[in-house]
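Chains, contacts and geometry: an overview
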Amino acid sequence: MMDCDTLVDLMPDRAAGRIAWPDGAEAHLEACEECRRSWTLIQAGPRIGAAAAARIDAEQVGGIVFRRLAEARRQDRRRRGWTWGTLLAAAAALLLMVLPGRRHSLASPAVAATGAGTTFSVPVHELEDLDVGELQTLDDQLDGALSASVSVGAPHLEELTPEEMQRVLNSMES
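For the structure given in this document, a descriptive report is provided here. The structure presented is a predicted model; accordingly, all values stated were derived computationally and were not measured.

Comments concerning the packing of helix α1 (residues 4–15) against helix α3 (residues 33–55)
Their axes nearest at 10 Å, the elements α1 and α3 cross at an angle of 20°. By the criterion of interaxial angle, the relationship of α1 to α3 is roughly parallel. Helix-helix and strand crossings are classified by hand; for α1 and α3 the assignment is right-handed. The segment α1 lies against α3, with C4, L7, V8, M11, P12, R14 and A15 engaging C35, S38, W39 and I42. Residues belonging to the contact of α1 with α3 are distributed by class as follows: nine nonpolar, one polar and one charged.

Written out as structure tokens, the structure reads:
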């Protein structure tokens, strides 16, 4: 005689017509109430599936699926839009924080100490209102003044003493 587990494992293949019952399977079905209930349920599966399929409107289900997919795409685009918008806002905020500091440092005189201990300052904020001719004149005058007063080029930061470096830093803060 066949055991219940083996018979139940064979039932789906037998219901689909892929196999024949092995010897002793039919005798077991007649004797075992639990296996008969399982066999009845497995045989009813295709009928239940066919009845459910007949009640499903494929066009309606397809429409629902397509609407949900379209909504998911819209939400994804909105989410990505918010991400890019957030990144752009952060970049703009960073620029607003950095640029006022730069505008301030450009508006204040730039100071550099030379090796001889003299300082040189350029009032950059006053240059904004000059036209091209005035800027050219100023450039010519500065070239002459710098070449006459400074015999060496501006030192590198490594060449500055701590006191000279502090003067440069203090001039940038004011």
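Digging into the nonpolar core
Looking at soluble globular proteins, one finds that nonpolar side chains tend to be buried together. Core analysis: the largest hydrophobic core is formed by nine residues, namely M2, L7, M11, W21, A25, L29, C32, C35 and W39. Elements supplying a minimum of two residues to this core: α1, α2 (25–31) and α3. The residues contacting L7, other than those within four sequence positions of it, are M2, W21, A25, H28, L29 and C35.

Comments concerning the packing of aromatic side chains
For any pair of aromatic rings, the description rests on two quantities: the centre-to-centre distance and the angle between the ring planes. Per the stated rule, a full pass over the model turns up one aromatic pair. When the ring of W21 is compared with that of W39, the centres are 4.9 Å apart and the planes differ by 65°; the resulting orientation is edge-to-face. A residue pair is termed long-range when its members are at least 10 positions apart, and W21 in the loop between α1 and α2 and W39 in helix α3 qualify at 18 residues.

Thresholds, definitions, all that
- Residues numbered from 1 in each chain as written.
- Predicted model: local features only at pLDDT ≥ 70, side-chain atom pairs only at ≥ 80, totals over all residues.
- Heavy atoms only, no water.
- Axes fitted to C-alpha atoms, helices over the stretch in contact; angles between N-to-C directions.
- Helix = DSSP H or I, 4+ residues; strand = E, 2+ residues; numbered from the N terminus.
- Parallel < 35°, antiparallel > 145°, perpendicular 65-115°, else oblique.
- Left-handed = near helix turned anticlockwise from the far one by under 90°.
- Contact = heavy atoms within 4.5 Å.
- Nonpolar A, V, L, I, M, F, W, Y, C, P; charged D, E, K, R; others polar.
- Core = buried A, V, L, I, M, F, W, Y, C linked by side-chain atoms within 4.5 Å.
- Buried < 20%, exposed > 50% of the residue type's maximum accessible area, 1.4 Å probe, protein only.
- Phe/Tyr/Trp six-rings, centres within 6.5 Å; stacked < 30°, edge-to-face > 60°.

It is worth stressing that arrangement in space is one thing and function is another; only the former is reported here.
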